[in-house]
Amino acid sequence: MSDQLLIEAQQRRSSRMQTIYRPLILAALALLVLVAGRLVSESLPSWIAVQTVLTLTMFLSVIAFGQGLVMLTGGLDLSVPGVIALSASIVAVWVSFMDGSFIVGVLLALGVSLLFGIVNGLLVSILKAPAFIVTLAMGAVLEGFSLYITYGRKSPESPELLVTLFSGSGKLFGIAIPALLFFVVGIIGFIIQARSRFGRNAYLLGSSLEASRIAGQPVNFIQISIYAVSGFGSGIAGLMLVGFSGNAQLSLGTEWLMPSIAAVLVGGTIIGSGRGFWQSTITAGLMLTAITIVIQSTGVSSGWKSVLYGVVVLVALLSTRSDIGRRRRKKVSQDPL
Amino acid sequence: MKRNWKVAALAVIAASTLALSACGGSSDTADAGAETAAASEAATEAGTDAPASDNGNPCGWAAPPRAGGDKYVVYMSSLNIGNAWQEEAVNLGSAEALMSPYSDCVELRTERTEPDPASQISQIQSMTAAGADAIVTFALSPTAINATFKEACDAGVTVVIYDATVTEPCAYNVSYITAKPIGSDIPFMGYNAMAALIEMMGGAGDIFVAHGVAGTSVDNVHYLSALAAIEQLAPDMNILTEWDGNWDSAQQQKETTKALASNPDVVGIFCGYGESGCVKALKAANKTIPVTGETSQYFREQLLAGWPGVSIGSPPAQGGIAMKIALGVLEFGPDAGIPHDIEVPFKVVTKDTVKVCEEDTYTEGCNVFPAGVVGDENTADIFNPLLPESSLTSAKTGVPPAGLVAVPFTVEEMISFEQDPSRRYITREACPEGWTQGKLEQGLDGCVQS
């Protein structure tokens, strides 16, 4: 009996560690990194740097939301750059070449992104195909589509409204809009992941497919909806990034895939375990972005910067995670994915 | 009179057969074939001679077509990466072959290469097998495709590479990489861009430097020559930070945004290709400082609006010029003394020299299109003194507007475009006979007379 109480107390402590302390520590580290940046650049820390970190992490978070859910359930969504390119191309081509209305263009882009997310989910859940191959192939298909719809034309321009919202030129209370949106994205993500039925179902499915099935959950439906959410999120990111850079292009999403995975992992999500928290993912995103900015400000050559960044991510991964370097006592789940 | 009628009838039949065969061969050339057919039909009606033959060859060129036939098979190939520059270059090359007088002598086939060397290798092999007389292509690697190019040369194919160069000696390199910009006595884009940046900054201040795709030979040439300019012209200038821009405006924008966060006091950016990203990041940060960039429409429009910058870069006109060189080699033969190393001059454009191109065709000195005519990433450097027959229609569609005729090079002209032997090492990794490897003034390994 007392053993039971002890275990419960331990679990509570460990869960508080996960949901409250870890994100706080990561956010504090992000700030600390910017302050320590003083050592390499006299202009750090600064309000501009904070705003830049928030802006870049906002884009990262939108992608990392779906990516995190997919990873919770043991998958990996490599179609992110493809969906971003396609969504960006659709809205830009629709508005700047076909003179279509902005709203329709946005709905079209998001609808197509959602659709391909669902296709990913169908292939993974019904056909039991390995997620990373399915999404890798889907990414190639989508980049092909983007190439096709922008092909031979002038590179399509972003609708003005998206530029104002996401390029940093638009400001609210003197703060760049994307920096403010970081908090909006954070709150929405938290509500979906921690407070909605969909979020709870995703966690249950991630921790054990079998348990989920025995509990009478519509397992396939949940899995498909997870991939659908990831596709939808990448679609939103596509709209944001086309506004950020002003033109739709194939490479729009390539630079965001790996950072999104890194943020999820450094945030403590364990692949296929149903363990991982949104607040940790986005604060890990803040920290990693702050680190890239400080590395950027060092005068070392670009090759060394890559080396440095790689090493930092590895160190961050090893030091923020309790599951690595320690043999797990319990098998978490026998997940066929 | 009767005989004339017969000749005309024959020509019409021949032309329609050609058009049909073109349709069967490749959908890309269907329109082109039809155009050519129409053109030769018109020519016959006007009473001029169909492909003449002093020596029995089509158009009287040096050797008969490899595949037999009555036209030379010429391939124009570009990289399929959805890039406006590549489109313009391949379209200008295609349009060249479809202009009179070449249209009577050449069967054009256009292809696109996927961006991996393996697919380019198999593509070049099938072009060679399909009876190509000449292949004009963008090469994915300076060395990886050499063996395949050698096979093609050995089979009698004229291989012409534009923009990026290859080290295989039998291939013709047509490139701006080691050239002097128009109006400058010093070679290298990187050197000239940095020199202009230093001048705009008043000779002092600290800068950011962006690489292209780091580790590529082209990026090295730009980067090292830019460093040499700093050393010679402004030794006190510091590089605050460097990044890999990957010749990609989205990447450039992200990196510039990050760099500005930690070094807001920067006074100049050596940006290179993807410069619209650098400028957009600066605009978001409300900073107007000198930027070097390549030739995008967006950047030139910014210069037009008064942005302090220098626009200098690889001209897509190289596609058309490379085609003219290939056709020149077919016309005069490989032994006519046409150099294998051709330099294409390029423009330096600042806010003081930026000038709108009002016409569809070449106008001396113009270097930006009116707003809205082309996309942000297109470039007005489809116009080049070596390609006066260029036009916006050609660059957009790959088909020349009616009435525009090619201006073929003479052998003497082509000889005059030859690369200076001192810069040969940069593109060929070897020096010509009588020269040995040595350092150039612009900080690069080159050749010196021994």
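Keep in mind it's a predicted model, so treat the numbers as computed, not measured.

1. Brief notes about the overall build of chain A
Okay, so step 1: Along the backbone of chain A there are 13 helices and two strands.
Okay, so step 2: Across the 337 residues of chain A, 53% fall into the buried class.
Okay, so step 3: Across chain A, contacts joining residues at least 24 apart in sequence account for 77% of those joining residues at least 6 apart.

2. Structural notes on the pairing of strand β13 (residues 435-439) of chain B
Okay, so step 1: With five bridges connecting them, β13 of chain B and strand β14 (residues 445-449) of chain B associate as antiparallel partners. When the sheet's bridge partners are listed, W435 of chain B is paired in β14 of chain B with Q449 of chain B.

3. Side note on the environment of K258 of chain B
Okay, so step 1: Checked against the element boundaries, K258 of chain B lands in helix α8 (residues 249-262).
Okay, so step 2: Along the backbone, K258 of chain B and A281 of chain B are 23 residues apart, and their C-alpha atoms lie at a distance of 9.2 Å.
Okay, so step 3: If sequence neighbours within four positions are ignored, K258 of chain B has contacts with T52, T292, I293 and Q296 of chain A.

4. Remarks on the sheet that holds strand β10 (residues 309-312) of chain B
All names here are of chain B.
Okay, so step 1: Taken in spatial order, the six strands make up an open sheet running β7-β6-β8-β9-β10-β12, and their pairing is mixed. The open sheet has two edge strands with one neighbour each: β7 (239-244) and β12 (348-350). Averaged over all adjacent pairs, the angle separating strand axes in this sheet is 15°, with direction ignored.
Okay, so step 2: Summarising the sheet, strand β6 (residues 207-211) and β7 pair through five bridges and their orientation is parallel. Among the inter-strand pairings, H211 is bridged to a residue of β7, identified as D244.
Okay, so step 3: Packing against the sheet, helix α9 (residues 275-284) makes contact with β8 (268-272) and β9 (291-293), and its axis sits at approximately 155° to β9.

5. Observations regarding helix α2 (residues 47-72) of chain A
Residue and element names in this part refer to chain A.
Okay, so step 1: Its 26 residues place the ends of α2 35 Å apart at the C-alpha level, agreeing with the 38 Å of an ideal helix rising 1.5 Å per residue.
Okay, so step 2: By the largest-angle criterion, A64 marks the main kink of α2, which is about 35°.
Okay, so step 3: Where burial is concerned, most of α2 is hidden: 23 out of the 26 residues are buried.

6. Re the interface of chain A and chain B
Okay, so step 1: Each side of the interface is counted separately: chain A has 35 residues, and chain B has 34 residues.
Okay, so step 2: Breaking the side of chain A that touches chain B down by element, the ones donating at least two residues are α2, α5 (131-150), α12 (278-297) and α13 (302-320) of chain A.
Okay, so step 3: Considering only residue class, the side of chain A that touches chain B consists of nine nonpolar, 23 polar and three charged.

7. Description of unusual backbone geometry
All names here are of chain B.
Okay, so step 1: Following S100, the chain continues into P101 via a peptide bond in cis, with omega recorded as 0°.
Okay, so step 2: Positionally, P101 belongs in the loop between α3 (84-97) and β2 (106-113).
Okay, so step 3: With a phi close to 60°, C59 is a non-glycine residue in the positive phi region.
Okay, so step 4: Assignment of secondary structure puts C59 in the loop between α2 (30-45) and β1 (72-79).

8. Comments concerning the packing of helix α11 (residues 254-266) of chain A against α12 of chain A
All names here are of chain A.
Okay, so step 1: Interhelical geometry of α11 versus α12 gives an angle of 120° and a closest axis separation of 7 Å. By the criterion of interaxial angle, the relationship of α11 to α12 is oblique. Regarding α11 and α12, the two cross each other, and that crossing is right-handed. Counted together, P259, A262, A263, V264 and V266 of α11 and T281, A284, G285 and L288 of α12 form the full contact between these two elements.
Okay, so step 2: Considering only residue class, the contact of α11 with α12 consists of seven nonpolar, two polar and no charged.

9. Brief notes about the confidence of the model for chain A
Any segment with low pLDDT has predicted coordinates that should not be analysed in fine detail.
Okay, so step 1: Scored by pLDDT, chain A has a mean of 85; 89% of the residues are at 70 or more.
Okay, so step 2: This stretch, residues 327-337 of chain A, has a pLDDT under 50; its non-local contacts, to residues over four places away or in other chains, come to 13 contacts.

About the cut-offs
- Residues numbered from 1 in each chain as written.
- Chains lettered and ligands numbered in written order.
- Predicted model: local features only at pLDDT ≥ 70, side-chain atom pairs only at ≥ 80, totals over all residues.
- Helix = DSSP H or I, 4+ residues; strand = E, 2+ residues; numbered from the N terminus.
- Buried ≥ 20, exposed ≤ 12 C-beta atoms within 10 Å, placed from the backbone.
- Contact = placed C-beta atoms within 7 Å.
- Pairing = 2+ DSSP bridges.
- Axes fitted to C-alpha atoms, helices over the stretch in contact; angles between N-to-C directions.
- Expected span 1.5 Å × (residues − 1).
- Bend = angle between axes of the 7 residues up to and from the residue.
- Nonpolar A, V, L, I, M, F, W, Y, C, P; charged D, E, K, R; others polar.
- Parallel < 35°, antiparallel > 145°, perpendicular 65-115°, else oblique.
- Left-handed = near helix turned anticlockwise from the far one by under 90°.
- pLDDT = per-residue confidence, 0-100.

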